[in-house]
Amino acid sequence: MKSLSKRCSALCALPSQTQKNHFSSVSPSIKLNKVTEACLIAVLSSAITCGWGRAYSADLPADGNLGTTAYKEPSYTITNDLQSTISVGMNTLKNPVFSSATTAQNIQSTKDALTVSAMGGAGIFFATVNNQTIDIPNADLLSSQTGRIFVVSYDKLVSATDPDAVAKAVTQRITGNFNTLKAEITGRAAIVQFGLGVGAFQPGALISNNGGVQILGTSEEEPGGQIDKIIMDTTRTSTAYSTERGVAISNRAPGFGWLRDQQIYMPINQIGEEDNRFGAGVANVYGSNQYIQKIGTIYATNFGIANGSASETADCGPQVIREIDMIDVNNSTGLTGSHSIGIYNYSDNGACTGDNGECSKSSEESQVHHVGTQYIGITGGIRTENASTTTGSLAIYNIGGVSTIEAKNPDQPVWIDATGPISQSIYISPVGGGYLTFDTATHMKGSFDLRSGNVVVANEKHEKALSADLTFNTTALPNSDTLTLGSNVNVQILRGKYADASPRTSLSFGDSLDPLSSGYKVKLGSKSFINDKGAFSGNSTLYFGTNWQKQSYEDAETGATVEKDVLKVNTNGIILNNVQKQSNGDPTRLNLTVTVDTNNLPDSLGGADGYSGTDNAALLNYLNTGLNALQLERSC
C-alpha cells in the first residue's frame, strides 16, 4: 500500500479541472495542482479521505445550510445538522438533497443526534442511475415537507426475470439508528407525489422504492439499526382526490415484470400517531418483493397494510410483513368515500402477458399469469372504524389472490375489532378483471378473537373468479387452535353468483394436516350464527354457550306458580349446505360441545356463595338430573 504522503501527492497531481470538480467547496482561486500535500490537507481538513489516489469525502457547508443544491459527489461525511431549502413544487421533484444521479454515492455521519430537514425536492436521500449507501449511526430527526426521505427512482428499469436483475438495478442501502422520520405537510404542492388517491397510491412515501432495490438494515439475523417512529404533522384532512396524508412505506413499479425489491430488516416501532395518521401505513403495488421484519403499531386513516390499491394489483411477487403488533385504522380524517381497511390484498385478478404482450391471443404455454401473495404475522390486534353509511370498516379485506394472516402470540389470541354501520372483521370478495381464471383465499392461522364485525365470503363479481375460500387452522405454537366469535359476530358464506353444480366459495375449520392435528375450536357468541351456502370441510368442534334463566311453572301438588333457575343453551343457527372431505381425503369431522357458565351462577345454585365448578355440589346435582338440566332451543 502507498504511504499517506504518496497517496495524497497522487491526488494533487490530478489535472486542475478534475481537482476543481472533486473539491468544489475550495475557492476557485486556489490552484490545487500547485499546492503542497500539507497545504491541501490543511485546506480541506477532514473532508478528504485519501485512498489509492481516488477516494475522498467532499465538503458540505460548515454551517449546515445546504441551500438549493443537489449534492452528487461520490462521498460525503456529515459532521453537522443539515438544512435544505429546495423549494416545494412540481419543478423540483427531480431535485433531491443527496443524489446518485452521476456516480455511486457513499454517505456517512459522525454527528451525534443528527437532524436533517428539507423543504421540498425529490427527497433527502435519492438513489437513481447509480447505487447509494447511507450509514447514520445516530439520527434524532429526518424531516421533509414533501414527505420523502429515502427514495429509489425508476430512472433505470430492470426486468425482474433477468438472472442478474439485482446486480443491474439501482440499490440503496441504509443502516443506522433513527429516532424520527417525519413528513411535515403544509400544502397541496407538497404532496403531489405523496398522497393517497381515490383509486391508486401516488409514487411517494417517507421510505419509497420506485425503481430498484432498497434495503434498510442488514439481514434477518443482523437488523443493522432501528427506526423508532415514522410520523407526520399536518392539519389537512380529506378531499375528493386525496387524503393528503400520504404513505409511510411504499414499494411500487410502473407495471408487471420490473424489479421492485424492498427489504426492511431494522425494526420500526411506530408508524403514524393516534391523532395524526397516515393515509396508509405500508403499500405494495406491482412490487416483485416487499419484506418487512417487524413493525410495532400502525395508525392510518384508510389502509394499515395494502398489497395493491383499489385499481392496481400486487400480482408481481410476495408481500411479507413478518411481524406486526397492532393495526389501528380510523377514517374520521381520511379519504372521502373510502373504506377503513386493516389488511388489504389484491394480488391476483387473472391478469397475464403473452407473445408480444398479448395474453388473449397467445397459447397457454406462452401465457404468463401475474400472481402475487401476501403474508402478515400479528401479535396484538386489528382495529378499524368508519362512521360512513356507504363505505366499510373492514379489518381484513381480500379482493383477489392468496393472503395468509398468522397469529404469532403464544399466550393469547389476536383480536379483531371492526366497528361502524358497515363493518366486517373478514371480508372476501374477488373482483377479477384479467383474462385468466384465478383463485382467492384468506388463510387464518392460529387463534383469533373476533370482537365485532361479521365474517363474509362472497363471489358475486366476476366469472373468472373460480373460488373464494376462508380457512382457519392451527400452527405449531401452543394455544393456536381457537376462533372466538363475539356475541353478535356471524359467519356468512354465499354460494357464488357463477356457481354451477359446485359452489365457488368455501369455509374450513381445521384440517388433518394441521401442525397440531387435533382439530380447531370455534366458540360461538351468544347470538352468533354460521350460514354456509358454499362448501364446508375440516376437523373442528363448535362450542355453544349457555345462560341461566328464570322459568315459571305450576307446582303439581300445590297448584302454585313457582320460579326455577334453568340452564339454556344459546340459540345459534348452524347451516352447512355442502360438506366435503378434508384436504387429505379424510371425512370432515364436526363435534358439538355445550359449555356451562359456572362463574355467574344463580343464587339457588350457590352463586351468592361464590361456588363454581367441581366445588359446587348443588350445580353438579343439577347437571346430573337428566334432560331438565339443558333445554335445547332450535330456530329455523
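See the structure above.
In this text the structure is predicted, and so the values were computed from the model without any measurement.

A. Broad picture of the overall build of the protein chain. For the protein chain, the count of helices and strands is five helices and 40 strands. About 26400 Å² of surface is accessible on the protein chain, with carbon and sulfur atoms providing 48% of the total.

B. How the structure looks around the pairing of strand β8 (residues 132–144). As paired elements, strand β5 (residues 105–109) and β8 share four bridges and run parallel to each other. Residue pairing in the sheet places Q108 in a bridge with D135 of β8. Bridge count between β8 and strand β10 (residues 171–184): ten bridges; the pairing is parallel. In the strand pairing of β10, S144 is matched with A183.

C. Region of interest: the packing of aromatic side chains. Enumeration over the complete set of coordinates arrives at 13 aromatic pairs. Summarising the aromatic geometry, the rings of F150 and F178 are spaced 5.6 Å apart at their centres and angled 75° between planes, so their arrangement reads as edge-to-face. Residue F150 is located in strand β9 (residues 150–152), and its partner F178 is located in strand β10; the two are separated by 28 residues in the primary sequence. With respect to class, F150 is no different from F178; both count as buried. Seen in terms of ring centroids, F509 and F536 are 6.0 Å apart; in terms of plane orientation they differ by 70°. Their pairing is edge-to-face. One end of the pair, F509, is in strand β34 (residues 505–509); the other, F536, is in strand β36 (residues 530–544), with 27 residues separating them in the sequence. On the accessibility criterion, F509 (1% relative accessible area) is buried. Clustering of aromatic rings is evident, with ring pairs tying together Y71, Y76, F98, F125, F150 and F178. Over the aromatic face of Y435 sits the side chain of K464, whose NZ or CZ is 5.3 Å from the ring centroid.

D. Broad picture of a nonpolar patch on the surface. A grouping of Y154, L157 and W258 is seen on the molecular surface, where their side chains present a nonpolar patch of about 280 Å² in accessible area. Of note, L157 is situated in the loop between β9 and α4 (165–168). Taking relative accessible area as the criterion, L157 reaches 36% and is therefore assigned partly exposed.

E. Representation of the environment of Q108 in the model. Relative to the helices and strands, Q108 resides in strand β5. Expressed as a C-alpha distance, the spacing of Q108 and Y76, which sit 32 residues apart in the sequence, is 6.4 Å. Residues in contact with Q108, not counting those within four places in the same chain, are Y76, T77, I78 and D135. In terms of polar contacts, Q108 uses its side chain to reach the side chain of T77, at 3.3 Å.

F. Here's a closer look at the state of the cysteines. Taken as a whole, this structure holds one disulfide when the rule is applied. Here C352 is linked by a disulfide to C359, with a sulfur-sulfur distance of 1.6 Å. The chirality of the disulfide connecting C352 with C359 is left-handed, given an S-S dihedral of about -95°. Both residues of the pair, C352 and C359, count as buried.

G. Highlighting the pairing of strand β29 (residues 448–452). Among the five residues of β29, four are classified as buried, and the element is accordingly described as predominantly covered. Here strand β26 (residues 414–419) runs beside β29; their pairing, made up of four bridges, is parallel. Looking at the pairing, V414 lines up with F448 of β29. Across three bridges, β29 lies against strand β32 (residues 482–485) in parallel orientation. What sits directly across from F448, in β32, is L483.

What counts, and at which threshold
- Residues numbered from 1 in each chain as written.
- Predicted model: local features only at pLDDT ≥ 70, side-chain atom pairs only at ≥ 80, totals over all residues.
- Heavy atoms only, no water.
- Helix = DSSP H or I, 4+ residues; strand = E, 2+ residues; numbered from the N terminus.
- Areas by Shrake-Rupley, 256 points an atom, 1.4 Å probe, with all protein chains shown as cover.
- Pairing = 2+ DSSP bridges.
- Phe/Tyr/Trp six-rings, centres within 6.5 Å; stacked < 30°, edge-to-face > 60°.
- Buried < 20%, exposed > 50% of the residue type's maximum accessible area, 1.4 Å probe, protein only.
- Lys NZ or Arg CZ within 6 Å of the ring centre and 35° of its normal.
- Patch = residues over 30% accessible without salt bridge, like charges linked within 9 Å, V, L, I, M, F, W, Y side chains within 5 Å.
- Salt bridge = Lys/Arg side-chain N within 4 Å of Asp/Glu carboxyl O.
- Contact = heavy atoms within 4.5 Å.
- Polar contact = N/O pair within 3.5 Å; in protein donor to acceptor, adjacent residues only side chain to side chain.
- Disulfide = S-S within 2.5 Å.

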